[in-house]
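Observations on the three-dimensional arrangement
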Amino acid sequence: MKRVLLLTVVCLLAATPAFAMHISEGILPFSWALFWYLAALPFVALGVRRLNALGREDLSLKPLVGLLAAVVFIISCMPIPVPTAGTCSHPCGTGVAAILVGPLVSVVIAAVALLIQALFLAHGGLSTLGANTFSMGVVGSLAGWLAFRSARRLGGSLAVSGFIAGTLADWGTYSATSLILTCGIRGEAPLLPLFSKVVLAFLPTQLPLGILEGVITAGMVTLLYKKRPDLLVKMRVITEKELPNHA
Amino acid sequence: MPERKRKWRVLLIHTIILPTLLFALYFFSLAPRSWEGVDEAVVEKIAKEHGREAIAPLIDPGSGDLLLFAFLVAGAAGGFAAGYYWRQLTDKKPQ
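Residues numbered from 1 in each chain as written. Chains lettered and ligands numbered in written order. Predicted model: local features only at pLDDT ≥ 70, side-chain atom pairs only at ≥ 80, totals over all residues.

1. What to know about the environment of A:Ile211
Residue and element names in this part refer to chain A. For Ile211, the location among the structural elements is in helix 8 (residues 191–227). Taking the C-beta count within 10 Å as the criterion, Ile211 has 15 such neighbours and is therefore assigned partly exposed. Along the primary structure Ile211 and Ser161 are separated by 50 residues, whereas in three dimensions their C-alpha atoms are 13 Å apart. (Helix = DSSP H or I, 4+ residues; strand = E, 2+ residues; numbered from the N terminus. Buried ≥ 20, exposed ≤ 12 C-beta atoms within 10 Å, placed from the backbone.)

In structure tokens, the structure reads:
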């Protein structure tokens, strides 16, 4: 309990003015905002269906999904200064969520976190919720999940696979944000030069932050493996043969 | 490892880590630099150059980030508590 109190005190001391990377309210024209809502909607619907199926299989997974939603909410609000760039941004958390509960449920988690942020924290916006859900939820989760599965198939350890997943989930999210922003604001301007400009503007902040997100993801997966490997088996991240005390 | 040696090691680690952590936190929270977020430094800046500007949110939490801070503290405290008591939350009660 002392550690819980210590961590809470550290969180209190860490209070700084916060900034987000989400696309703000009103930045996208109506047509593009609607387009990204329609693009994200099927993934959210599939995620809700998957979540219900998981709940029917094992009810104890639902509080875990709730806990992960809190983790994603906190991580995606947490401003981290990047001294090399002089700016701050935040990790996404969808990489670790996708590894643990799958990419579809991770989309739902991201959508809920983004909705609360848009409603109460002025981070992102209701008109850009579809676009932000698509970049952080759909692209971030799928990039993280695919990277993790591919790395594991190639024989990567949990830590290495988690690192690759976290890093690519973050970079994937910002690449998608760049594309969404470019499409929305370019008007008659050519797509590629503006897209490159946005990516290059994100790069000094997101390059180190993506690596940091990889480290956080690897740390979380490794910690779970050490403390509660049974949870990883339950969530089909590892098989029973990979349990530490498996004969 | 003998108990006495282990205690010294834990004490040494805490003596190094805690001041470092506190220094880092205070450096970033009290340093005069503004640490502009990428939403302002990149998204809103480039959008403005192309004629699109952010508008006020539907529910304006006002200046400062008090609400975000309250959410973060509540979320962090709730998350730590839930994680700490995870076994009690999920274990089946004996019949």
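Now that the structure has been shown, we can carry on.
2. Focus on helix 3 (residues 61–75) of chain A
Taking 1.5 Å of rise per residue, 15 residues should cover 21 Å, and helix 3 of chain A covers 21 Å from first to last C-alpha, within 8% of that figure. When we look at burial in helix 3 of chain A, the residues that qualify are A:Leu61, A:Leu64, A:Leu68, A:Ala69, A:Val71, A:Val72, A:Phe73, A:Ile74 and A:Ile75. Looking at the packing, one finds that the buried side of helix 3 of chain A touches helix 2 (30–57), helix 4 (94–101) and helix 5 (103–120) of chain A together with helix 3 (66–84) of chain B. (Expected span 1.5 Å × (residues − 1). Contact = placed C-beta atoms within 7 Å.)

3. Observations concerning the sheet that holds strand 1 (residues 36–37) of chain B
The three strands lie next to each other as 1(A)-2(A)-1(B), forming an open sheet whose pairing is mixed. The strands lining the two open edges of the sheet, one partner per strand, are strand 1 (80–82) of chain A together with strand 1 of chain B. Note: strand 2 (residues 87–89) of chain A against strand 1 of chain B, two bridges, orientation parallel. For A:Thr87, the partnering residue across the bridge sits in strand 1 of chain B and is B:Glu36. Each of strand 1 and strand 2 of chain A touches helix 8 of chain A; the most contacted strand, strand 1 of chain A, lies at about 130° to it. (Pairing = 2+ DSSP bridges. Axes fitted to C-alpha atoms, helices over the stretch in contact; angles between N-to-C directions.)

4. A closer look at the packing of helix 2 of chain A against helix 5 of chain A
All names here are of chain A. Between helix 2 and helix 5, the shortest axis-to-axis distance is 7 Å and the interhelical angle comes to 110°. One finds that helix 2 runs roughly perpendicular with respect to helix 5. Considering how the two elements wind past one another, helix 2 and helix 5 form a crossing that is left-handed. Contacts between helix 2 and helix 5 involve Phe43, Val44, Leu46, Gly47, Val48, Arg50, Leu51 and Leu54 on the former and, on the latter, Leu104, Val105, Val107, Val108 and Ala111. Of the residues contributing to the contact of helix 2 with helix 5, the split by class is 11 nonpolar, one polar and one charged. (Parallel < 35°, antiparallel > 145°, perpendicular 65-115°, else oblique. Left-handed = near helix turned anticlockwise from the far one by under 90°. Nonpolar A, V, L, I, M, F, W, Y, C, P; charged D, E, K, R; others polar.)

5. Concerning the nonpolar core
Residue and element names in this part refer to chain A. Counting 82 residues, the largest nonpolar core has Leu68, Val72, Ile99 and Ile109 as its most contacted members. The leading source of residues in this core is helix 7 (residues 158–185), at 12 residues. Beyond its immediate chain neighbours, meaning those up to four positions away, Val72 contacts Gly93, Thr94, Ala97, Ile109, Ala110 and Ala113. (Core = buried A, V, L, I, M, F, W, Y, C linked by C-beta atoms within 7 Å.)

6. Focus: unusual backbone geometry
All names here are of chain A. Of note in this structure, Ala122 is not a glycine but carries a positive phi near 55°. Among the secondary structure elements, Ala122 is positioned in the loop between helix 5 and helix 6 (129–153). C-beta crowding within 10 Å serves as the criterion here: with 22 such atoms nearby, Ala122 is assigned to the buried category. The phi angle at Arg236 is positive, at roughly 60°, despite the residue not being glycine. Tracing the backbone through its elements, the reader meets Arg236 in the segment after helix 9 (229–234).

7. A word on the environment of A:Pro103
Residues and elements named next belong to chain A. By the element assignment, Pro103 lies in helix 5. Assessed through the 26 C-beta atoms surrounding it within 10 Å, Pro103 is described here as buried. In the structure, Pro103 is positioned 72 residues away from Ser31 in sequence and 27 Å away in space, judged by C-alpha atoms. Pro103 has contacts with Ala98, Ser141, Leu142 and Trp145, leaving out every residue within four places of it along the chain.

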